[in-house]
Amino acid sequence: MHLALLITLLLAAVFLSVTFLSFAYVRMFRRLRIPLCYCCCDSDDLELGRVADGPEAETDQEKEKGTSVWRFGWAEIESLNGKFAAAAVIGEGGSSTVYLARLGDASLGALKLHRPSERLYRAFRQELDVLLRLRHPHIVRLLGYCDDREEEGVLVFEYVPNGSLHEKLHGGGGEVLPWARRMAIAYQVAQALDYLHEGCDPQVVHGDVKAANVLLDGRLQAKLCDFGSARVGFSAAVAPPRSADAMVVGSLGYVDPYYLRFGMVSKKNDVYSFGVLLLELVTGAEAFDAERERQRLTAEVGPVLRDPEGRAAEAVDTRLSNKFDAGEAKAAASVAAMCVGDNPGLRPSMAEVVRMLQEAASSSIAAVASKSDGKTDTS
């Protein structure tokens, strides 16, 4: 009798111990910090990044090269933007709010606060994991993060002052983005995607390429942003998602129809979305317009896609008043047509897109590079 009671008590003690340790482990796991940031590019001029405990922990070399990522405490985050003051809000989405932040070195940053929820916290950790791998001149730079709170993640980015490409193209402010600038932006976004697809190890699928996710800096250079839908480790061929959570969401007008039909995620999804973005730059029309007879831009310009050489000029944004290069317009329309083709296997890689744009729009790209070199540009 005593032996049975003793065994029962021992089993109960073991059960309670395992339960307690499991609970503690889960809490510890959710609070894990990512210790190192590795740049995945093979270029010799990029180095390993390092997570530093705040700006004061940076070395002089890291400050000069911008290779470290700061880990902030919650109190530090609050001090950067006046404790999340409403006046500091510069953007808002379904899952996060973006605040203007004043960093310790007097520079500006953009602070992205994810709304509190377990699901959004997982999305924050996923986006952070991707961002810590990246370093490219046309991808918005992650400056730091805060993961002190269990269900509230914060990402701190460089501040990109000229808003998004969507605002520049469709904001209605009367200012028209010049043709050469459009071609340069297309080329820069293509370079960023090529870096994600081929320059990173493992490779990265962005998953939500669109005009609203292309920011423009003080020289109107493109900065690809928002990696909340990004996925890591896909081959050049279409690869099935590993789980329901691994699905790329995309945006209306930009999302690959092949993905919608079959639920397959690959780099060719990004190629399709880039093709739509390129059409948007050529035509000045939105990728999706609920008030348009053909809501999707690819349907609206279908005749042009079927005959880009012969009909490209008629699709170019009329606000440009014929101030565009007709040869570049034909070439850009041809590239876009290849990118949005029905068969993902026949779409070009982003490396091929970069090469084609470089050859087709070399004059515009060179003109913009010369104009923007070392200068703040507003045109």
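What counts and how
- Residues numbered from 1 in each chain as written.
- Predicted model: local features only at pLDDT ≥ 70, side-chain atom pairs only at ≥ 80, totals over all residues.
- Heavy atoms only, no water.
- Helix = DSSP H or I, 4+ residues; strand = E, 2+ residues; numbered from the N terminus.
- Contact = heavy atoms within 4.5 Å.
- Areas by Shrake-Rupley, 256 points an atom, 1.4 Å probe, with all protein chains shown as cover.
- Phe/Tyr/Trp six-rings, centres within 6.5 Å; stacked < 30°, edge-to-face > 60°.
- Buried < 20%, exposed > 50% of the residue type's maximum accessible area, 1.4 Å probe, protein only.
- Salt bridge = Lys/Arg side-chain N within 4 Å of Asp/Glu carboxyl O.
- Pairing = 2+ DSSP bridges.
- Core = buried A, V, L, I, M, F, W, Y, C linked by side-chain atoms within 4.5 Å.
- Axes fitted to C-alpha atoms, helices over the stretch in contact; angles between N-to-C directions.
- Parallel < 35°, antiparallel > 145°, perpendicular 65-115°, else oblique.
- Left-handed = near helix turned anticlockwise from the far one by under 90°.
- pLDDT = per-residue confidence, 0-100.
- Nonpolar A, V, L, I, M, F, W, Y, C, P; charged D, E, K, R; others polar.
- Expected span 1.5 Å × (residues − 1).
- Polar contact = N/O pair within 3.5 Å; in protein donor to acceptor, adjacent residues only side chain to side chain.

## With respect to the overall build of the protein chain
Thinking step 1. Within the protein chain, the regular secondary structure consists of 14 helices and 12 strands.
Thinking step 2. Taking the intrachain contacts of the protein chain between residues at least 6 apart in sequence as the baseline, contacts between residues at least 24 apart amount to 63%.
Thinking step 3. Accessible area for the protein chain stands at about 18500 Å²; split by element, carbon and sulfur atoms hold 55% of it.

## Some details on the packing of aromatic side chains
Thinking step 1. All chains considered together, the criterion is met by 6 aromatic pairs.
Thinking step 2. Aromatic side chains Trp-179 and Phe-324 sit 5.8 Å apart centroid to centroid with 50 degrees between the ring planes, which places their arrangement in the tilted category. Here the residue Trp-179 occupies a position in helix H6 (residues 179-199), and Phe-324 occupies one in the loop between helix H11 (308-315) and helix H12 (326-339), the gap between them amounting to 145 residues.
Thinking step 3. The buried category is assigned to Trp-179, whose relative accessible area is 4%.
Thinking step 4. Joined through ring pairs, the aromatic side chains of Trp-74, Phe-84 and Tyr-99 make up one cluster.

## Some remarks on the pattern of salt bridges
Where side chains of opposite charge bring their charged atoms close, a pairing between them can arise.
Thinking step 1. Per the stated rule, a full pass over the model turns up 16 salt bridges.
Thinking step 2. Among the ionic pairs, Asp-208 bridges to Lys-210, the shortest N-O distance being 3.9 Å.
Thinking step 3. What emerges from the salt-bridge pattern is a single network uniting Lys-112, Glu-127 and Asp-226.

## Quick notes on the pairing of strand S4 (residues 89-92)
Thinking step 1. The sheet contact formed by S4 and strand S5 (residues 96-102) spans 3 bridges and is antiparallel. Looking at the pairing, Val-89 lines up with Tyr-99 of S5.
Thinking step 2. If you look at the hairpin formed by S4 and S5, you'll find 3 residues sitting between the two strands.

## Quick look at the nonpolar core
Nonpolar side chains tend toward joint burial in soluble globular proteins.
Thinking step 1. If you look at the biggest cluster of nonpolar residues, it comprises 77 residues, and the most contacted ones within it are Leu-134, Leu-165, Leu-196, Phe-227, Phe-274, Leu-278 and Val-353.
Thinking step 2. The biggest single contributor to this core is H6, with 11 residues.
Thinking step 3. Aside from chain neighbours lying at most four places away, what touches Leu-196 is Leu-134, Ile-139, Gln-203, Val-204, His-206, Leu-224 and Phe-227.
Thinking step 4. By size, the runner-up hydrophobic cluster in this structure holds 16 residues, among which are Trp-74, Ile-77, Leu-113 and Val-154.

## Details of the packing of H11 against H12
Thinking step 1. Viewed as axis vectors pointing N to C, H11 and H12 meet at an angle of 110 degrees, and their least axial separation amounts to 8 Å. Accordingly, the angle class assigned to the pair H11 and H12 is roughly perpendicular. Classified by chirality, the crossing of H12 by H11 is right-handed. Seen from H11, the contacting residues are Pro-308, Glu-309 and Ala-312; seen from H12, they are Ala-329, Lys-330, Ala-333 and Ser-334.

## Notes on the environment of Tyr-195
Thinking step 1. Relative to the helices and strands, Tyr-195 is located in helix H6.
Thinking step 2. Remark: the alpha-carbon pair of Tyr-195 and Ala-351, spanning 156 residues in sequence, is separated by 8.6 Å.

## Focus: the confidence of the model for the protein chain
Do not read the fine detail of predicted coordinates wherever pLDDT is low.
Thinking step 1. Of all residues in the protein chain, 76% have pLDDT values of 70 or greater, and the mean over the chain is 82.
Thinking step 2. Confidence drops under pLDDT 50 across residues 18-50; counting only partners more than four residues distant or on other chains, this segment forms 60 contacts.
Thinking step 3. Contacts of residues 244-248 to residues separated by more than four positions or lying in other chains number 13 contacts, the stretch itself having pLDDT below 50.

## A word on the packing of helix H8 (residues 267-283) against helix H13 (residues 350-360)
Thinking step 1. Between H8 and H13, whose axes approach to 11 Å, the crossing angle comes to 25 degrees. Judged by the angle between their axes, H8 and H13 are roughly parallel. Crossing of H8 over H13 shows right-handed handedness. Touching Val-271, Phe-274 and Leu-278 of H8 are Met-350, Val-353 and Leu-357, all from H13.
Thinking step 2. Class assignment for the residues of the contact of H8 with H13 results in 6 nonpolar, no polar and no charged.

## Some points on H8
Thinking step 1. If you check H8, its first and last C-alpha atoms are 25 Å apart, about what 17 residues at 1.5 Å a residue would give, namely 24 Å.
Thinking step 2. In terms of burial, H8 is largely enclosed, as 17 of its 17 residues are buried.
Thinking step 3. N-cap assignment for H8: the residue whose side-chain oxygen lies 3.0 Å from the backbone N of Lys-268 is Ser-266.
Thinking step 4. Two residues or fewer past H8, Gly-284 is found with a positive phi of approximately 75 degrees.

## Thoughts on the side chain of Thr-283
Thinking step 1. Along the chain, the position of Thr-283 falls in helix H8.
Thinking step 2. A distance of 2.8 Å separates a polar side-chain atom of Thr-283 from the backbone oxygen of Leu-279.
Thinking step 3. In this structure the side chain of Thr-283 is engaged in a polar contact, spanning 3.1 Å, whose partner is the backbone nitrogen of Ala-285.
Thinking step 4. Those residues within four positions of Thr-283 in sequence are excluded, and the remaining contacts are Leu-297, Val-301, Ala-315, Val-316 and Asp-317.

## Here we look at unusual backbone geometry
Thinking step 1. Residue Asp-201 is joined to Pro-202 through a cis peptide bond whose omega torsion reads 5 degrees.
Thinking step 2. Tracing the backbone through its elements, the reader meets Pro-202 in the loop between H6 and strand S9 (204-205).
Thinking step 3. Of note, the phi angle at Ser-321 is positive, near 50 degrees, even though the residue is not glycine.
Thinking step 4. Residue position: Ser-321 is located in the loop between H11 and H12.
Thinking step 5. Notably, Asn-322 is not glycine yet its phi reads approximately 65 degrees, a positive angle.
Thinking step 6. Summarising the element assignment, Asn-322 is placed in the loop between H11 and H12.

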